[in-house]
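Next come the chains, spelled out residue by residue.
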Amino acid sequence: ESLPTMVGYFVALLLTKIMAGLPMVFLRFGALFRMLILRLIASERKVTQRELDWVYRLENVQYGWEFPTQFLVVVIVFTYAIICPIILPFGLVYFLGALTVYKKQILYVYSPVYESGGAMFPIAIQRTLFG
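Keep in mind it's a predicted model, so treat the numbers as computed, not measured.

*Asks:* Hey, could you run me through the overall build of the chain in this one?
*Replies:* Scanning the chain from N- to C-terminus turns up six helices and zero strands. Reading the secondary structure of the chain in the N-to-C direction produces α-α-α-α-α-α. For the chain, whose C-alpha radius of gyration is 19 Å, the value lies well above the compact-globule estimate of 14 Å for 131 residues. Dimensions of the chain along its principal axes, counting C-alpha atoms only, are 65 × 35 × 20 Å. Relative to all contacts within the chain whose residues are 6 or more apart in sequence, the contacts with residues 24 or more apart total 75%. Carbon and sulfur atoms make up 71% of the accessible area of the chain, which amounts to about 9,600 Å² in all. Taking the 11 positively charged and 7 negatively charged side chains of the chain as two groups, their mean positions are separated by 5 Å.

If you want it as structure tokens, here you go:
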């Protein structure tokens, strides 16, 4: 009885992830603060190439953070899709936003530390869908 009433909480969670979480990933606050610090320190002199490389360095994908975050949303949307389908449009908006944000991040920001060629994808899907 109480499960369908909890959908309001999860819709609010998805809206928070859409309105605050995805823009934070997109803005990259770490690089933004590095640039701000560099501009404050080097306001009177020229900035060297080494300092610019430090600010604009490529980052690694934080799989331990990104992977569970995305699959939490998958589990929430899959769970409540049957019970209360009102969550489906919010899940769609989240995943469309995540697609654009993470596509930009993977193409231009993240540097691959290791590459498996998609070998872990079937295992991840199997564990997500079947436990």
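Now that the structure has been shown, the text picks up again.
*Asks:* What is the right way to look at the packing of aromatic side chains in this model?
*Replies:* Two aromatic rings, taken as a pair, are described by how far apart their centres are and by the angle between their planes. Tallied over the entire structure, the rule returns five aromatic pairs. For the ring pair Y94 and F95, a centre distance of 5.2 Å and an interplane angle of 75 degrees mean the geometry is edge-to-face.

*Asks:* Looking at this structure, how should I read the nonpolar core?
*Replies:* Soluble globular proteins: nonpolar side chains tend toward being buried together. Counting residues in hydrophobic clusters, the biggest one holds 19 residues, and the most contacted among them are V7, L22, Y80, I87 and Y94. At seven residues, helix 1 (residues 7-27) tops the list of elements feeding residues into this core.

*Asks:* Explanation requested: the environment of E59 in the structure shown.
*Replies:* In this fold, E59 is placed in the loop between helix 3 (49-55) and helix 4 (63-83). Counting along the chain gives 54 residues from E59 to V113, while the straight-line C-alpha distance between them is 9.4 Å. Dropping the residues within four chain positions of it, E59 is found in contact with R28, A31, R34, V109, Y110 and S111.

*Asks:* When you look at the environment of G118 in this model, what are you seeing that I'm missing?
*Replies:* As for its position among the elements, G118 is in the loop between helix 5 (87-109) and helix 6 (121-130). For the pair formed by G118 and F26, sequence separation is 92 residues and the distance between their alpha carbons is 24 Å.

Parameters at a glance
Residues numbered from 1 in each chain as written. Predicted model: local features only at pLDDT ≥ 70, side-chain atom pairs only at ≥ 80, totals over all residues. Heavy atoms only, no water. Helix = DSSP H or I, 4+ residues; strand = E, 2+ residues; numbered from the N terminus. Rg over C-alpha atoms; globule rule 2.2 N^0.38 Å. Contact = heavy atoms within 4.5 Å. Areas by Shrake-Rupley, 256 points an atom, 1.4 Å probe, with all protein chains shown as cover. Lys, Arg positive; Asp, Glu negative; His and termini not counted. Charge placed at Lys NZ, Arg CZ, Asp CG, Glu CD. Phe/Tyr/Trp six-rings, centres within 6.5 Å; stacked < 30°, edge-to-face > 60°. Core = buried A, V, L, I, M, F, W, Y, C linked by side-chain atoms within 4.5 Å. Buried < 20%, exposed > 50% of the residue type's maximum accessible area, 1.4 Å probe, protein only.

It is worth stressing that arrangement in space is one thing and function is another; only the former is reported here.
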